[in-house]
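# Inside the fold
So you can see what is in the structure, the chains are spelled out below.
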There are 2 protein chains.
Amino acid sequence: MTTDSPVKYELIHVCKQSGARRGILHTPHGSFETPVFMPVGTQATVKAMTPEEVSSLGAEIILANTYHLWMRPGHDLIKEAGGLHKFMNWPKAILTDSGGFQVFSLSDARRIDEEGVKFNSHIDGSLHKLTPELAIDIQTALGADIIMQLDECADWQKDRSYIKGSVERTLRWLERCSKQHENTAQQALFGIVQGGVYEDLRRLSAKETISFNLPGYAIGGLSVGEPADLMYKMLEVVTPILPEDKPRYLMGVGSPDYLIEGVIRGIDMFDCVLPTRLGRNGTVMTSEGRLTVRNATYARDFTPLDPNCSCYACRNYTRAYIRHLIKANEILGLRLTTWHNLHFLINLMSQVREAISRNELLDYRDHFFSQAGWAKE
Amino acid sequence: MTTDSPVKYELIHVCKQSGARRGILHTPHGSFETPVFMPVGTQATVKAMTPEEVSSLGAEIILANTYHLWMRPGHDLIKEAGGLHKFMNWPKAILTDSGGFQVFSLSDARRIDEEGVKFNSHIDGSLHKLTPELAIDIQTALGADIIMQLDECADWQKDRSYIKGSVERTLRWLERCSKQHENTAQQALFGIVQGGVYEDLRRLSAKETISFNLPGYAIGGLSVGEPADLMYKMLEVVTPILPEDKPRYLMGVGSPDYLIEGVIRGIDMFDCVLPTRLGRNGTVMTSEGRLTVRNATYARDFTPLDPNCSCYACRNYTRAYIRHLIKANEILGLRLTTWHNLHFLINLMSQVREAISRNELLDYRDHFFSQAGWAKE
């Protein structure tokens, strides 16, 4: 199965200082370097950006959300359009999640059983049921390069016995997803390691998941409110179990500290709405920390968002202008903050890859957090 | 004064079939061909677009609204930023209106007297007074290439005696604007012909206004709800009075029929929020008429907005995708419809200019309105 996989990981270098991996991920829609940050295009668009703009920032893969596209406009419509790549005019790689996380986080009245999850749509309240088979069918219709198994995203504060049951159900769902997945020549199915904050359950989940010999593995159920140290500990438990020749994807992580610490613990792929969501709220990530440009203090600040940044927004506009746009509800304001934040994280990952090659990732981490504004985070 | 004017009109050709003019307008921020459509950037941004995008569509001049910029972020702030061109990163020509039209249209509790207009801000209700002198002072601070006199935009349905008083007041205000205007080397002041739908008052207004020997003249108080025939009649009365060596600007006009008919009656410049506002409402102008892409009928329509269009939106996206974006409240949807509509009008004016050079503008008009969908308008 591995040799036939449409997605292959090529290990390039292991940082002698940190053990972090630099590699290349080969997909049917292009190859790109890892560790990589994947911008999120929930509804078949990275919010406020064109595909060309996302690409110009150096992004080679984006994530789209199965739940949202299933609800609107419908996966059948996207299949009819020729698949998600064509529908949204993004010729590079795409990863879709299973829809499970959104069902768990967006739906109030969800009911989980062995068969799947029943929930009410966040758009019109209509009743739906997501099963492992349906999660695969929808993702097959969308046609992403990397697709995810349906898993149960249990609350990390649940007790051990609940989490254990949830890990076991997630494994049974992986079995069903794997059986349902037929388009193996063009789409790579990733399994998801769960287990909350319990080391032994994480170990169990990782070992059982890799027994499926899949083209890649994700770690889910982290960065959901638990203390950072617990997350780092779980990564330290899980990644040594995962095979070296497969990519490792830490789901839903996008703050600079989590990205760098994740890479140090062997992670290759990340996604998060943080840069786009922060941007739309008028906050940007800069070399000097977070900056809420909508604040009055920047009303007459005629310097760029980040004096050390070379992105389109920083080369052409001032904080005063961007603040004006945001205060006046102008779309260009959100475009510029989104642009800058995506550039910031994609550029951060590029620097991380270079630091890996120089065997200096721990030094890079220390340097990054020595910058005013980031130390606190 | 004319010879020193920073804005000069160069007549290139008069259409033998229609009498329409083709020319070049020279400004401190570039020269461009007329007749021209000016996209509106009310709050120092053409809504949803970057300056580079607006420029890539062929726009050489945009309009910004004095009233809005005065209220937010304030003309003093923009002056401190180095002027409007620099503040908004638009290196080409800018025209600012006087603020009068917005005061008349946005403010409920306005009171007009000889001194000026008192009104409450639409943002916070605060009381302000706009005078001819202040309209010039604000526009001087903004630094646009073309600035407008404060005029009274009287309701076209008012009786003759009211409109006559309004024309006379507008002339007295022009006198005061002209006196207040000192930056004559870099900013050209245009007078505005008023007179409602009364031919003799339009004639009176035109004759008195041109006695100021200004670098350009606008026609105001039209396209405000009066029948199209009445508007055309007023243009036919006014433009023969205006000097041939000065540009003529018909304010607030942007529908294809008004543009073409205006050019035929000797107009050189137009502005309107129509393309950007329509776009944000999910409606586009196409070679086959208006199309409301947000309608359900386009849900599975995988053709471009306009099959005969070569703009970025039409080259890369389908009606189905753009409808999905609009239904899902995605910013990219508004960007694409805005882009297309601006391209449509700017391209229309390019075709109009070519038709003038070929002495075939009446034929072009007939051809345009023979297209399905436009005949009705």
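That block above? That's the structure.
Below or above, wherever it landed, is the structure these notes cover. Residue numbers here run from 1 along each chain, matching the order of that chain's written sequence. For this description, chains carry letters from A and ligands carry numbers from 1, given in the order in which they are written. The predicted origin of the model limits local features to residues at a pLDDT of at least 70 and limits the giving and counting of side-chain atom pairs to 80 or more, whereas totals for whole chains, interfaces and linings rest on all residues. Side-chain numbers here rest on the full set of heavy atoms in the structure, without hydrogens or water.

### Observations concerning the overall build of chain A
This is how it is decided: For helices the rule is a DSSP run of H or I covering at least 4 residues; for strands it is a run of E covering at least 2, with both sets numbered from the N terminus onward. The size measure is the radius of gyration over C-alpha atoms, and the globule rule it meets is 2.2 Å times the number of residues to the 0.38 power. Only protein chains enter the area calculation, which uses a 1.4 Å probe; residues under 20% of their type maximum are buried, those over 50% are exposed, and those in between are partly exposed. Any two residues whose heavy atoms approach within 4.5 Å are treated as being in contact. Accessible surface area values rest on a Shrake-Rupley calculation with a 1.4 Å probe, where residue burial reflects the displayed protein chains alone. Just so you know, the count uses Lys and Arg for positive and Asp and Glu for negative, and it drops His and the chain ends. A single reference atom marks each charge: NZ on Lys, CZ on Arg, CG on Asp, CD on Glu.
When you go through chain A residue by residue, the secondary structure sums to 15 helices and 16 strands. Against the compact-globule benchmark of 21 Å for 377 residues, chain A has a radius of gyration of 20 Å, which places it among compact chains. With 377 residues in all, chain A has 62% of them scored as buried. Here the analysis covers contacts within chain A between residues at least 6 apart in sequence; of these, 65% occur between residues at least 24 apart. In the form shown here, chain A has an accessible surface area of approximately 13500 Å², with 48% of it arising from carbon and sulfur atoms. In chain A, the 41 positive side-chain charges and the 45 negative ones have mean positions that sit 3 Å from each other.

### Thoughts on the packing of aromatic side chains
Spelled out, the test is: Pairing of aromatic rings covers Phe, Tyr and the six-membered ring of Trp, with a centre-to-centre limit of 6.5 Å; geometry is then stacked below 30 degrees between planes, edge-to-face above 60, and tilted otherwise. Counting as a charge over the ring demands two things of the Lys NZ or Arg CZ atom: a distance within 6 Å of the ring centre and an angle within 35 degrees of the ring normal.
Counted under the stated rule, the structure contains 24 aromatic pairs over all chains. Among the aromatic residues, those joined into a ring-pair cluster are Phe 87 of chain A together with Tyr 312, Tyr 317, Tyr 321 and Trp 339 of chain B. The residue whose ring lies beneath Lys 158 of chain A is Tyr 162 of chain A, and the NZ or CZ to ring-centre distance is 4.6 Å.

### Concerning empty space enclosed by the protein
It is a probe the size of a water molecule, rolled over the atoms, that shows where empty space is left. Note the cut-off: Using only the protein atoms, space was sampled on a 1 Å grid; points where a 1.4 Å probe fits but cannot get out form cavities, open sets with protein on both sides within 12 Å along at least five of seven lines form pockets, and lining residues are those with an atom within 4 Å of a point. Grid points are joined across faces, edges and corners, and a volume is the space filled by probe spheres set on the points. When residues are grouped by polarity, Ala, Val, Leu, Ile, Met, Phe, Trp, Tyr, Cys and Pro land in nonpolar, Asp, Glu, Lys and Arg in charged, and all others, Gly among them, in polar.
Summed over all chains, the structure comprises four cavities of 30 Å³ or more. For the largest cavity, the calculated volume is near 50 Å³. Considering the residues around the largest cavity, the lining is formed by Tyr 321 and Leu 332 of chain A together with Ala 44, Thr 45, Val 46, Met 49, Thr 50, Pro 51, Val 54, Ile 62, Met 88 and Trp 90 of chain B. Looking at the lining of the largest cavity residue by residue, the classes come out as ten nonpolar, two polar and no charged.

### Examining the pattern of salt bridges
Residue and element names in this part refer to chain B. Under the convention used in this document: Salt bridges are counted wherever a side-chain nitrogen of Lys or Arg sits within 4 Å of a carboxyl oxygen of Asp or Glu.
Considering all chains together, one arrives at 44 salt bridges over all chains under this definition. A salt bridge links Lys 129 to Asp 113; the shortest N-O distance between them is 3.8 Å. In this pair, Lys 129 sits in strand β9 (residues 127–130) while Asp 113 sits in the loop between β7 (111–112) and β8 (117–120), placing the two residues 16 residues apart along the sequence. With a shortest N-O distance of 2.9 Å, Lys 164 and Glu 168 are connected by a salt bridge.

### Some points on the sheet that holds strand β8 (residues 117–120) of chain A
Residues and elements named next belong to chain A. Put simply, the rule is: The rule for pairing is simple: two strands pair if DSSP sees at least two bridges between them.
Ordered by their spatial adjacency, three strands build an open sheet running β7-β8-β9, and the pairing between neighbours is antiparallel. Here the strands that pair on one side only, and so sit at the sheet edges, are β7 (111–112) and β9 (127–130). Inspection of the sheet shows β8 paired to β9 by four bridges, in the antiparallel sense. The partner of Lys 118 across the bridge, within β9, is Lys 129.

### Focus: the pairing of strand β2 (residues 21–27) of chain A
All names here are of chain A. Among the seven residues that make up β2, five are buried, leaving the element largely enclosed by the rest of the structure. Relative to β2, strand β1 (residues 8–14) runs antiparallel, the two sharing six bridges. Among the inter-strand pairings, His 13 is bridged to a residue of β2, identified as Arg 22. Linking two consecutive strands that pair antiparallel, namely β1 and β2, is a turn of six residues; a positive phi of about 85 degrees is found at Gly 19 within it.

### Comments concerning the relation of the copies chain B and chain A
One chain copy maps onto the other through a rotation about an axis and a shift parallel to that axis. We count it as follows: Least squares is the method for superposing the copies, and the C-alpha atoms it fits come from residues with pLDDT of at least 70 in both.
Of the two same-sequence chains, chain B is brought onto chain A (RMSD 0.0 Å, axial shift 0.0 Å) by a rotation of 180 degrees. Viewed as a symmetry operation, the transformation between the two copies matches a two-fold axis. When each C-alpha of chain B is compared by its distance to the rotation axis, Ile 331 of chain B comes out closest, at 3.7 Å. The residues that chain B uses at the interface reappear at the interface of chain A in 100% of cases, marking a shared surface.

### As for helix α8 (residues 199–210) of chain B
All names here are of chain B. For the record, the criterion: Expected helix span is computed as 1.5 Å times (number of residues minus one). The directions from the helix axis to the C-beta atoms are what the arc is built from.
Here α8 is twelve residues long and its end C-alpha atoms lie 17 Å apart, about the 16 Å a rise of 1.5 Å per residue gives. For α8, the set of buried residues is Leu 201, Arg 202, Ser 205, Ala 206 and Thr 209. Buried positions in α8, seen along its axis, are confined to an arc of 135 degrees and lie on one side of it. Buried positions along α8 lie against α7 (160–180), β11 (188–193), β12 (216–219) and α9 (228–238).

### Things to note about the side chain of Thr 96 of chain B
Residue and element names in this part refer to chain B. Basically, it comes down to this: Whenever two N or O atoms come within 3.5 Å, that pair is a polar contact, provided that in protein one can donate a hydrogen and the other can accept it, and provided that, for residues adjacent in sequence, both atoms are side-chain atoms.
On the secondary structure map, Thr 96 appears in strand β6 (residues 93–96). According to the relative accessible area criterion, Thr 96 is buried, its value standing at 0%. In this structure the side chain of Thr 96 is engaged in a polar contact, spanning 2.9 Å, whose partner is the side chain of Gln 139. Once residues lying within four places of it in the same chain are set aside, the contact partners of Thr 96 are Ala 64, Thr 66, Leu 84, Gln 139, Leu 142, Ala 144, Ile 146, Ile 147 and Met 148.

### Topic: the sheet that holds strand β14 (residues 269–272) of chain B
Residues and elements named next belong to chain B. Rule in force here: Angles shown run from 0 to 180 degrees and are taken between the N-to-C directions of axes, each axis being a line fitted to C-alpha atoms and, for helices, limited to the stretch in contact.
Sheet architecture is open: eight strands sit in the order β4-β14-β13-β12-β11-β10-β6-β5, paired in parallel fashion. Edge positions in the open sheet fall to β4 (36–39) and β5 (61–64), since each of these has one partner strand only. The mean angle between the axes of side-by-side strands here comes to 25 degrees, regardless of whether they run parallel or antiparallel. Of the pairings in the sheet, the one linking β11 to β12 comprises four bridges and is parallel in character. Bridging from a neighbouring strand, Phe 190 pairs with Gly 216 of β12. Running over the sheet, α8 touches β11 and β12 and is turned about 160 degrees from β11.

### Some thoughts on the environment of Cys 272 of chain A
Residues and elements named next belong to chain A. Here Cys 272 is to be found in strand β14 (residues 269–272). Under the relative-accessibility criterion, Cys 272 is labelled buried at 13%. With residues near it in sequence (within four places) discarded, Cys 272 still touches Phe 37, Met 38, Val 40, Gly 252, Val 253 and Gly 254.

### A word on the environment of Ala 313 of chain B
Residues and elements named next belong to chain B. Here Ala 313 shows up in helix α12 (residues 312–316). Given a relative accessible area of 0%, Ala 313 falls into the buried group. Separated by 23 residues in the primary sequence, Ala 313 and Arg 290 place their C-alpha atoms 16 Å from one another. If sequence neighbours within four positions are ignored, Ala 313 has contacts with Leu 305, Leu 336 and His 340.

### Description of the layout of surface pockets
Looking at the largest pocket, its volume works out to about 1000 Å³. Forming the walls of the largest pocket are 44 residues, and the residues nearest its centre are Phe 101, Gln 102, Ser 105, Val 224 and Gly 252 of chain B. Of all elements in the fold, only α5 (100–106), β14 and α11 (274–280) of chain B reach the threshold of two or more residues within the lining of the largest pocket. Considering every element that reaches the lining of the largest pocket, the biggest residue donor is α5 of chain B, with six residues. In terms of residue class, the lining of the largest pocket is built from 17 nonpolar, 17 polar and ten charged. Each pocket or cavity is described by its volume, and for the second largest pocket that value is around 790 Å³. Lining the second largest pocket are 40 residues, with Asn 65, Phe 101, Gln 102, Asp 271 and Val 273 of chain A positioned closest to its centre. Looking at the lining of the second largest pocket, the elements with two or more residues in it are α5 (100–106), β14 and α11 (274–280) of chain A. Sorting elements by how many residues they give to the lining of the second largest pocket places α5 of chain A first, with four residues. Residues that form the lining of the second largest pocket fall into these classes: 14 nonpolar, 19 polar and seven charged.

### Observations regarding the nonpolar core
How we decide: Each nonpolar core is a collection of buried residues, namely Ala, Val, Leu, Ile, Met, Phe, Trp, Tyr and Cys, held together in the definition by side-chain atoms within 4.5 Å.
Among the nonpolar cores identified, the biggest contains 205 residues, and Leu 84 and Leu 361 of chain A together with Leu 84 and Leu 361 of chain B are the most heavily contacted of them. With residues near it in sequence (within four places) discarded, Leu 361 of chain B still touches Cys 15, Gln 17, Ser 18, Ala 20, Val 263, Ile 264, Val 352, Ala 355 and Ile 356 of chain B.

### Side note on unusual backbone geometry
Residue and element names in this part refer to chain A. In this structure, the amide linkage connecting Arg 72 to the following residue, Pro 73, adopts the cis form with an omega of 10 degrees. Among the secondary structure elements, Pro 73 is positioned in the loop between α2 (66–71) and α3 (75–80). One non-glycine residue with positive phi stands out, namely Ala 48, at about 80 degrees. Take Ala 48: it is sitting in the loop between β4 (36–39) and α1 (51–56). A positive phi angle, close to 65 degrees, is found at Asn 89, a residue other than glycine. With respect to the element layout, Asn 89 can be found in the loop between α4 (84–88) and β6 (93–96).

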